[in-house]
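This is what each chain is made of:
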Amino acid sequence: MKRALITLIMCSIMLNTSSCQGDRSTEENDFQWIVDRFDDIRVMRYRVPGFERLSLRQKELLYYLGEAALAGRDILYDQNFKYNLPVRRTLEAIYITHNGQESGPEWDALVTYLKKVWFANGVHHHYSNDKFTPLFEEAYFDRLLSSTPDSLLPLDFGPRDTLISVVKQVIFDPTFYPTRVNQTAGADLVATSAVNFYEGVTQSEAEAFYANMADPNDATPISYGLNSRLVKQNGKIQEQVWKEDGMYGPAIQRITHWLGKALEVAEVPLAETPQKEIIEALITYYKSGNLRDFDRYNVLWVKDTLSTVDFVNGFIETYNDPLGYKASWEAITNYKDEEATRRTEIISNEAQWFEDHSPVDPRYKKAQVKGVSAKVINVAMLGGDCYPATPIGINLPNADWIRRDYGSKSVTIQNITDAYDKASEGNGFKEEFVLREEDRERMKTYGSLADNLHTDLHECLGHGSGQLAPGVKGDELKQYGSTLEETRADLFGLYYLGDEKLVELGLVPSFDVAKAEYASYMMNGLMTQLARIRPGKNVEEAHMRNRKLIATWCYEKGLPENVVEMVQEEGKTYVVVNDFQRLRELFGELLREVQRIKSEGDFEAGRELVERYGVQVDPKLHQEVLERYEKLNIAPYGGFVNPQYRLVEENGKIVDVEVSYTEDYTDQMLRYSREYSLLPSRN
Ligand code: ZN
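Residues numbered from 1 in each chain as written. Predicted model: local features only at pLDDT ≥ 70, side-chain atom pairs only at ≥ 80, totals over all residues. Heavy atoms only, no water.

Engineer: Honestly, the coordination of the zinc ion in this entry has me stumped. Any pointers?
Structural biologist: Put simply, the ideal angle at a metal is 109.5 degrees for four donors in tetrahedral geometry and 90 or 180 degrees for six donors in octahedral geometry. Within the protein, the atoms that donate to the zinc ion are His-458 (NE2), His-463 (NE2) and Glu-486 (OE), at distances of 2.1 to 2.2 Å. The sequence motif formed by the donor residues of the zinc ion is H-x4-H-x22-E. On the criterion of sequence distance, the pair formed by His-463 in the loop between helix H18 (437-462) and helix H19 (481-497) and Glu-486 in helix H19 is long-range, its members being 23 residues apart. Judged by relative accessible area, which is 25%, His-463 ranks as partly exposed. (Donors = N, O, S within 2.8 Å, 3.2 Å for Na, K, Ca; no water. Helix = DSSP H or I, 4+ residues; strand = E, 2+ residues; numbered from the N terminus. Buried < 20%, exposed > 50% of the residue type's maximum accessible area, 1.4 Å probe, protein only.)

Engineer: Mind showing me how you'd approach the packing of helix H21 (residues 512-526) against helix H22 (residues 542-557) here?
Structural biologist: Packed helices, taken two at a time, are described by the angle between their axes plus the distance between the axes. One way to put it is that H21 packs onto H22 with a least axis distance of 8 Å and a crossing angle of 105°. For the element pair H21 / H22, the angle class is roughly perpendicular. Contacts from Tyr-521, Met-522, Asn-524, Gly-525 and Leu-526 in H21 reach Asn-546, Arg-547, Lys-548, Ile-550, Ala-551, Thr-552, Cys-554 and Tyr-555 in H22. Residues of the contact of H21 with H22, tallied by class, amount to seven nonpolar, four polar and two charged. (Axes fitted to C-alpha atoms, helices over the stretch in contact; angles between N-to-C directions. Parallel < 35°, antiparallel > 145°, perpendicular 65-115°, else oblique. Contact = heavy atoms within 4.5 Å. Nonpolar A, V, L, I, M, F, W, Y, C, P; charged D, E, K, R; others polar.)

Engineer: Explain the pairing of strand E8 (residues 375-384) here, please?
Structural biologist: Every regular strand shows the same layout, with side chains that alternate between the two sheet faces. Along E8, ten of the ten residues are buried, which leaves the element largely enclosed by surrounding structure. Summarising the sheet, strand E7 (residues 328-336) and E8 pair through seven bridges and their orientation is antiparallel. Within E8, the position partnered with Tyr-335 by the bridge is Asn-378. Bridging between E8 and strand E10 (residues 409-413) involves three bridges; their strand directions are parallel. Paired with Lys-375 across the two strands is Val-411, which belongs to E10. (Pairing = 2+ DSSP bridges.)

Engineer: So what exactly am I meant to see when it comes to unusual backbone geometry here?
Structural biologist: Leaving glycine out, the prevailing phi sign among residues is negative, and the prevailing peptide bond configuration is trans. Following Tyr-387, the chain continues into Pro-388 via a peptide bond in cis, with omega recorded as -10°. Secondary-structure assignment places Pro-388 in the loop between E8 and strand E9 (393-396). Although it is not a glycine, Asn-129 adopts a positive phi angle of roughly 75°. Here Asn-129 is to be found in the loop between helix H6 (105-120) and helix H7 (138-146). With a relative accessible area of 15%, Asn-129 lands in the buried category. Phi at Asn-633 is positive, roughly 55°, even though this residue is not glycine. With respect to the helices and strands, the residue Asn-633 is situated in the loop between helix H25 (619-632) and strand E13 (637-641). With a relative accessible area of 53%, Asn-633 lands in the exposed category.

Engineer: Teacher, can you tell me more about the sheet that holds E9 here?
Structural biologist: Pairing between sheet strands relies on hydrogen bonds along the backbone, with the strands arranged either parallel or antiparallel. Strand order across the open sheet formed by five strands is E6-E7-E8-E10-E9, with mixed pairing between neighbours. Each edge of the open sheet is held by one strand with a lone partner, namely strand E6 (309-317) and E9. Across the sheet, the mean angle separating the axes of adjacent strands is 35° when strand polarity is ignored. When E9 meets E10, the two strands line up antiparallel, connected through four bridges. Note that in E10 the partner of Gly-393 across the bridge is Thr-412. Contacts from helix H16 (residues 414-424) reach E8 and E10 within the one sheet, and its direction differs from that of E8 by about 80°.

Engineer: Sorry if this is basic, but what is going on with the environment of Gln-581 here?
Structural biologist: Mapping Gln-581 onto the fold places it in helix H23 (residues 580-600). Note on Gln-581: relative accessible area 42%, which makes it partly exposed. Along the sequence, Gln-581 and Phe-511 sit 70 residues apart, while their C-alpha atoms lie 9.4 Å from each other.

Engineer: What is the right way to look at the sheet that holds strand E5 (residues 236-241) in this model?
Structural biologist: An order of E3-E4-E5 is seen for the three strands of this open sheet, with the pairing classed as mixed. The open sheet has two free edges, formed respectively by strand E3 (198-199) and E5, since each of these has just one partner strand. Relative to E5, strand E4 (residues 228-233) is paired through six bridges, and the arrangement is antiparallel. Residue pairing in the sheet places Arg-229 in a bridge with Gln-240 of E5.

See the structure below:
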């Protein structure tokens, strides 16, 4: 829990696309989940379930916060690289001029290049940080540009010739700022990174500047350098602060304008901190640029756990600064998913029952157990560094002392996970890897519910269950500790997913939900998760080891009764569960043993379990999985377009906020570039 941020929780659903969805109405069947596909990217759509049932005030609040989330778009482009805005605007001018007239492979390559720039908020890949390689000729680019009118070009950057020579150098010279964020030890990380956080200063000058600023006796230090660019002018090093009357001022003024509107409809005070005060504190910070004001805002924000509508808007994460001081601008608006949150509450309220009835040794059960009820949210708007590529969980604020003294807010984002899930439907994965039709059907009907419930049981109960034997400290399992801890929580979830109690609580209709999860869990653990491992490597990551451990152990123990079978058909391997009830008993037996290992701190037994069942990869099966996966051509990176919101007015009064899901990727990007181009091309 040290560093804490908007984390990308790589859930198994996203990566393996092995799971599916709950009951779907006809309307949902018609919903277009995937809106675009290019290079290594797929762009999807997410829905905002339950938005219509929010109060008018809450909808309006989301609308204004949503506008504030879009207003900072240009900030991120400029932060990522000082030439991103002129490049994006030049490409858009070419696109607008020639779309509908040009065609052929070179045009397609240019359009793909532009789509990639939009996706990465710049010319460097959002994940690998490498600059894109254009797959069209410079001569072709010149020809299109020659008939692109001045009126569409970003000539605020400089005269046409100046603009074009810079843009062409960025696009066509591979040695010109090849990397966005360089982390290679030994190099001057500031000089060799394209990010626009430093100008004219060396790495050592920047480090010395902030080392001098820090006060080692300050128990509540500000996040030094978080909201500024560091520049050397006339031999003097100083910060250009990002604030209303400072750098990025025009975009920040628009953000505070919308935050001001949001203030008027902020949620009625329920908690010790009225939401109005939180928004006011954020506006104060955007005006002053003072990082003490930012901390004050964060302390207020973290205390508000009761409001239905919530948001993040600001300079938050420092991943993109190779030195770790400067934060990229990002924004998210969201509202509580009442239904999903109710699900976690039901489970938490029954925590003692689950503990009492678990198959573990009574000596290692907790007499008094408390469930954790996690908040589940849906996002309503993504902006800045959360768009189009987005996190699926949030854990903020980042300042260590605020986390220490006030805690943090941790949420899971339900509608984004659901969209990943739905969009994976029809990508051929199930048809390729699931042998039996009945399993595919169950996964289709219950996969999403089963996954969510398994996660809830794992998070709300699994980790918190059990107790140590007297004298055991808890760190005895050393490097195997985290794998075994995940194994324990997963087994707790798997075991109870098949319990009658869940039917009784109204959480599932029948044992079929467990069957769906068991089939996909075993297939993933024994086989399909190998798709994420490079040839010749073993399983390293703790969650992957835990899944392999559980699946392989149960497979081996069940061999005499043929509980789980590896079926060979036409040269392909399939995992088939023959006896679901017996498999559940095996989950229970392993849970009992893993709890014993933890409770007694039995390092040797823990090591043996992990090394024997969780690590070694069968190279032949691995090769087969990689080949079958490759043929499916599933894009490794995903992102989202936002819904559109419209204020509905009657006689000059706002009466509703309407949502629509019709905009495609290119239309949305071009519209955002028209409506939210708030910064000059040279900042
Ligand atoms: Zn866990």
